[in-house]
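Structural features, examined
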Amino acid sequence: MMNPALIRFKTEIANFYRISLINLVFAALAIAYGISYIITAVLGSPLGLQAVLLRLVTGAAALACFGLGLSWLLSTLRIFEGVETIRDALSASGEEVSEERLTCLIVRMLAHYRDNRDTIRTMILVSTAGGCVFFVLSITSGIRALSLTANSGSATFESLVLLPSMLLTLGIALVSLISSYYFSRFAGLWDRRLHEIGESECTLKKTLERDEA
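About the thresholds
- Residues numbered from 1 in each chain as written.
- Predicted model: local features only at pLDDT ≥ 70, side-chain atom pairs only at ≥ 80, totals over all residues.
- Heavy atoms only, no water.
- Helix = DSSP H or I, 4+ residues; strand = E, 2+ residues; numbered from the N terminus.
- Buried < 20%, exposed > 50% of the residue type's maximum accessible area, 1.4 Å probe, protein only.
- Contact = heavy atoms within 4.5 Å.
- 1 Å grid on protein atoms, 1.4 Å probe; cavity = no way out; pocket = protein on both sides within 12 Å on 5 of 7 lines; lining within 4 Å.
- Points joined across faces, edges and corners; volume = space filled by probe spheres on them.
- Nonpolar A, V, L, I, M, F, W, Y, C, P; charged D, E, K, R; others polar.
- Patch = residues over 30% accessible without salt bridge, like charges linked within 9 Å, V, L, I, M, F, W, Y side chains within 5 Å.
- Areas by Shrake-Rupley, 256 points an atom, 1.4 Å probe, with all protein chains shown as cover.
- Salt bridge = Lys/Arg side-chain N within 4 Å of Asp/Glu carboxyl O.
- Phe/Tyr/Trp six-rings, centres within 6.5 Å; stacked < 30°, edge-to-face > 60°.
- Lys NZ or Arg CZ within 6 Å of the ring centre and 35° of its normal.
- pLDDT = per-residue confidence, 0-100.
- Core = buried A, V, L, I, M, F, W, Y, C linked by side-chain atoms within 4.5 Å.

Structurally, asparagine 116 is set in the loop between helix H3 (99–115) and helix H4 (117–152). A residue is classified by how much of its surface remains accessible, and asparagine 116, at 5% relative accessible area, is buried. Filtering out sequence-adjacent residues up to four positions away, asparagine 116 remains in contact with Arg78 and Ile79.

Set out below in structure tokens:
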């Protein structure tokens, strides 16, 4: 029977690896969409005051989206590389992993999390902010599609083209918010483990000091 601690650790590493990988993909999409919306906001032809205001909102959201996407990508890449190394080492150990090897890998993961704790917390904020920005972009795309349809009296090619973009942008927003949730859960779990280790070290230190006295 496989060690329950090993099963739990494998599951946590696999889940965190997948979340990090998904974040890399959607961070790249965030950058691409940010550039796309910036171009649209700059080159789009205004049809009145409402269209001008919509372009300003879209342009501001797109700039924020590009910056958040870039920060999101760089932060996630650093975390992803460390988790990938630990995951590969765990996979290379096979199904039968000794207690010493498992302990070593858990310590490596603790060290990786401790060294990048601030980065992971930043990723949580960036993912949340990115989700909100993409949600705004999906709304503006929907408004533009409805505006074009209302002006022409029927769905036009341009309005239909905006619908897939709106759906994908909404999907990125949802993934961003879900990622933020799972990153928060992961951070809370490993924060508790670091706290428990800190308490154990404190107890050991007090015991040694008492024995020396």
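Its volume calculated, the second largest pocket comes out at about 330 Å³. Every residue lining the second largest pocket is counted, 13 residues in all, and those nearest its centre are Asn15, Phe16, Ile19, Tyr182 and Arg185. Broken down by secondary-structure element, the contributors of at least two residues to the lining of the second largest pocket are helix H1 (4–43) and helix H5 (157–212). Broken down by element, the lining of the second largest pocket gets its largest block of residues, seven residues, from H5. Here the residues of the lining of the second largest pocket are counted per class, giving eight nonpolar, three polar and two charged.

Together, Phe135, Ile139, Ile143, Leu170, Leu174, Ile178, Tyr181 and Tyr182 give the surface a local cluster of nonpolar side chains, amounting to about 730 Å² of exposed area. Of all the secondary structure elements, the ones that give two or more residues to the nonpolar patch are H4 and H5. For the nonpolar patch, the element with the highest residue contribution is H5, accounting for five residues. With respect to the secondary-structure elements, leucine 170 resides in helix H5.

Below, the discussion takes up the side chain of serine 20. Inspection of the secondary structure assignment puts serine 20 in helix H1. A residue is classified by how much of its surface remains accessible, and serine 20, at 0% relative accessible area, is buried.

Given two aromatic rings, their pairing is described by the distance between the two centres and the angle made by the two planes. Throughout the structure, instances matching the rule amount to six aromatic pairs. Residues tyrosine 113 and phenylalanine 186 carry aromatic rings whose centres are separated by 6.0 Å and whose planes lie at 75 degrees to one another, so their mutual orientation is edge-to-face. Taken as a pair, tyrosine 113 in helix H3 and phenylalanine 186 in helix H5 lie far apart in primary sequence, 73 residues in all. Both residues of the pair, tyrosine 113 and phenylalanine 186, belong to the buried class. We note arginine 87 situated over the ring of tyrosine 17; from NZ or CZ to the ring centre the distance is 3.9 Å. Sitting above the plane of the tryptophan 190 ring, arginine 193 keeps its charged end 4.5 Å from the centroid.

On to the confidence of the model for the chain, then. Of the residues in the chain, 76% have a pLDDT of 70 or more, and the chain-wide mean is 75. Note on residues 45–50: pLDDT under 50 across the span, and five contacts to partners over four residues away in sequence or across chains.

Our focus in this paragraph is the nonpolar core. In terms of nonpolar packing, the biggest core is built from 27 residues, with Phe9, Met109, Tyr113 and Ile120 touching the most fellow members. Looking at this core, the elements with two or more residues in it are H1, helix H2 (49–92), H3, H4 and H5. In terms of residue count, H1 provides more of this core than any other element does, seven residues in total. Contacts of phenylalanine 9, omitting those with residues within four sequence positions, involve Ile86, Leu90, Leu102, Leu105, Ile106, Met109 and Trp190. Grouped together as the second largest cluster of nonpolar side chains are 14 residues, Ala30, Val133, Phe134 and Leu137 included.

What follows is about the environment of glutamate 84. Structurally, glutamate 84 can be placed in helix H2. Glutamate 84 gets classed as partly exposed once you look at its relative accessible area, which sits at 27%. In this structure the C-alpha to C-alpha distance between glutamate 84 and alanine 14, which are 70 residues apart in sequence, comes to 9.2 Å.

In this section: the environment of isoleucine 139. Relative to the helices and strands, isoleucine 139 resides in helix H4. Overall, isoleucine 139 belongs to the partly exposed group, its relative accessible area being 40%. Once the C-alpha coordinates of isoleucine 139 and leucine 170 are considered, the two residues, 31 residues apart in sequence, prove to be 8.4 Å apart.

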